[in-house]
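# Report on the structure
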Amino acid sequence: MSSQDATGTPTPAGRPEDIKAVPVRHPGRWISAAIVVVLVATLVRSVAINPNFGWGVVGQYFFSSRVLNGLAVTLELTAIAMVVGIVLGVLLAVMRLSPNPLVASASWAYIWFFRGTPVLVQLLFWNFFSALYPTISLGVPFGGPGFIHANANSLITPFAAAILGLGLNEGAYMAEIVRAGIISVNEGQTEAAQSLGMTRLQTMRRIVLPQAMRVIIPPTGNETISMLKTTSLVSVIAYAELLYSVQLIYSANYRTIPLLLVASIWYLIVTTVLSIGQYYIERYYGRGASRNVRLTPMQRLRQGLLIRHDKGAL
Amino acid sequence: MVSAEGVRKRFLRHEVLKGITLEVQRSEVMCLLGPSGSGKSTFLRCINHLETIDAGRLSVDGELVGYRESAGKLHELRESEIAGKRAEIGMVFQHFNLFPHMTALENVIEAPIRVQKVDKSEVLQRATELLERVGLADKVGGYPAQLSGGQQQRVAIARALAMKPKLMLFDEPTSALDPELVGDVLDVMRQLAADGMTMIVVTHEMGFAREVGDTLVFMDDGVVVETGSPREVLSAPRHERTKTFLAKVL
């Protein structure tokens, strides 16, 4: 390896010597590190030796079919509710930005209502919907003839109530995320498209939304992770997702803490997987934003090893 | 080509255009000059209806901008009609406003395909020729972020020309460029003027105005202060306001 000085010409004496100086002492860092180590050790020790955690029971139920079924239901609810939320969100965001004041206020009112009431209350409402409207019919409004009649109780199953509660609520949040994405696109883009003779709809579909995606995607990943945990609220309407499944088990065997641990660990595992997925999706949509794409953790690790290897060779 | 009579424009209480009267002939190159806030960009934006005017009459090629006149009454145009008229007028912006998620070529072919519904192979040929003409034959597949400011602005000019406009509006096309990149963009505009394009150019490039402009209009505080051939106005301004402005910029 030939060494060069700052001007790029090789220097006969090799590169100037690296600076060797006595580093500044940081006693504060040592003290805080010691405190953290003691606290963590205490925590780990208590978790390991406290028999009430019941790690044996955790292991026994971790892969039991009832828990795994509950996990599958949780994943299913998360996926469907997010799809409903995203579709509703795009629709509401475009409505909110419509020049028609009635359409815009309808969207505003929807968001106001569904963001303004707890999702737990909304879930209960949908579950007891048949008390509000015993039959649901489709027909001409204002007392005209109806075509389809259905019993609300058979139409709104716990599953339907869960999807309605979670999805409609999510739609309100997604609407704000999509709206933020749309208004983040520079006004000059709309003007350029308009000056080329494109209509509002063409401008939205071809120019604005594709650019808004970069802003919309990261918080959507965040919402998905949040939704995964929010599905646990569905346990209040006795629908057997992950939390309700473990509740059913511990209500029979009274091993409450170990079973809650089983559920918590599963939530953590899925959240971790989703976070990793989110990292890569964000990275993908961030491409256009900067010329230097950040390396993935694996690439950084590999590069770090290479540099160290290089230094060793010098 | 463009005719303005007493055009007024207000933003809330602030009146930006206080009665502009101008006439631009076919194949004429008119340069608009003036301090910032004098209303020259606003006037340009009114011509393709990015802004609506509050009073006066503004017409392009004999047709009112934004309205249809029948039986002595003005009728607002529908969105699709306004879009149709904008498609006939090319506009180039100070900050280029290229679509960052599309390559140079995609930027140029987007509107002819979506708006004019021209056959794709024909548009591709037209776009390739245009990009060649502005000296960017080798940048066809590049994204705006990978191009220099001068290259981006030339793509933007090609994008506007792809619509075969009858009039081109330039809103300070070189103000956001590094000095050494200005020349390439002005060369393209000079060529365009030589080909007989009708152009209205808001600019601070005195050299370009003197050499290429047929008419020079000096605006200040929402009114036209002085109009004339660039040579006259630049070397022998009649109004005091024009003199003080030119003394500062020349």
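Note that this is a predicted model, so its numbers are computed, not measured. (Residues numbered from 1 in each chain as written. Chains lettered and ligands numbered in written order. Predicted model: local features only at pLDDT ≥ 70, side-chain atom pairs only at ≥ 80, totals over all residues. Heavy atoms only, no water.)

Secondary structure assignment for chain B yields 9 helices and 12 strands. If one aligns the C-alpha atoms of chain B with their principal axes, the spans along those axes are about 50 × 50 × 35 Å. Sorting the 250 residues of chain B into buried and exposed places 53% on the buried side. In chain B, the share of contacts with a sequence separation of at least 24, taken over all contacts with a separation of at least 6, comes to 63%. On chain B, roughly 11,200 Å² of surface is accessible, and the fraction owed to carbon and sulfur atoms is 47%. (Helix = DSSP H or I, 4+ residues; strand = E, 2+ residues; numbered from the N terminus. Buried < 20%, exposed > 50% of the residue type's maximum accessible area, 1.4 Å probe, protein only. Contact = heavy atoms within 4.5 Å. Areas by Shrake-Rupley, 256 points an atom, 1.4 Å probe, with all protein chains shown as cover.)

Now for empty space enclosed by the protein. Residues and elements named next belong to chain B. Throughout the structure, instances matching the rule amount to 2 cavities of 30 Å³ or more. Taken as a whole, the largest cavity spans an internal volume of roughly 50 Å³. Considering only residue class, the lining of the largest cavity consists of 4 nonpolar, 1 polar and 1 charged. The space that makes up the second largest cavity amounts to roughly 30 Å³. Forming the walls of the second largest cavity are Cys46, His49, Glu51, Thr52, Ile53, Leu58 and Val65. Considering only residue class, the lining of the second largest cavity consists of 4 nonpolar, 2 polar and 1 charged. (1 Å grid on protein atoms, 1.4 Å probe; cavity = no way out; pocket = protein on both sides within 12 Å on 5 of 7 lines; lining within 4 Å. Points joined across faces, edges and corners; volume = space filled by probe spheres on them. Nonpolar A, V, L, I, M, F, W, Y, C, P; charged D, E, K, R; others polar.)

When the pLDDT values of chain B are averaged, the result is 92; 100% of them are 70 or greater. On the interface metric, ipTM, the complex scores 0.91, and its pTM is 0.77. (pLDDT = per-residue confidence, 0-100.)

All names here are of chain A. By volume, the second largest pocket is sized at about 440 Å³. Contributions of two or more residues to the lining of the second largest pocket are made by α8 (158-184), α9 (187-195) and α10 (200-230). When the residues that make up the lining of the second largest pocket are grouped by side-chain class, the tally is 7 nonpolar, 3 polar and 4 charged.

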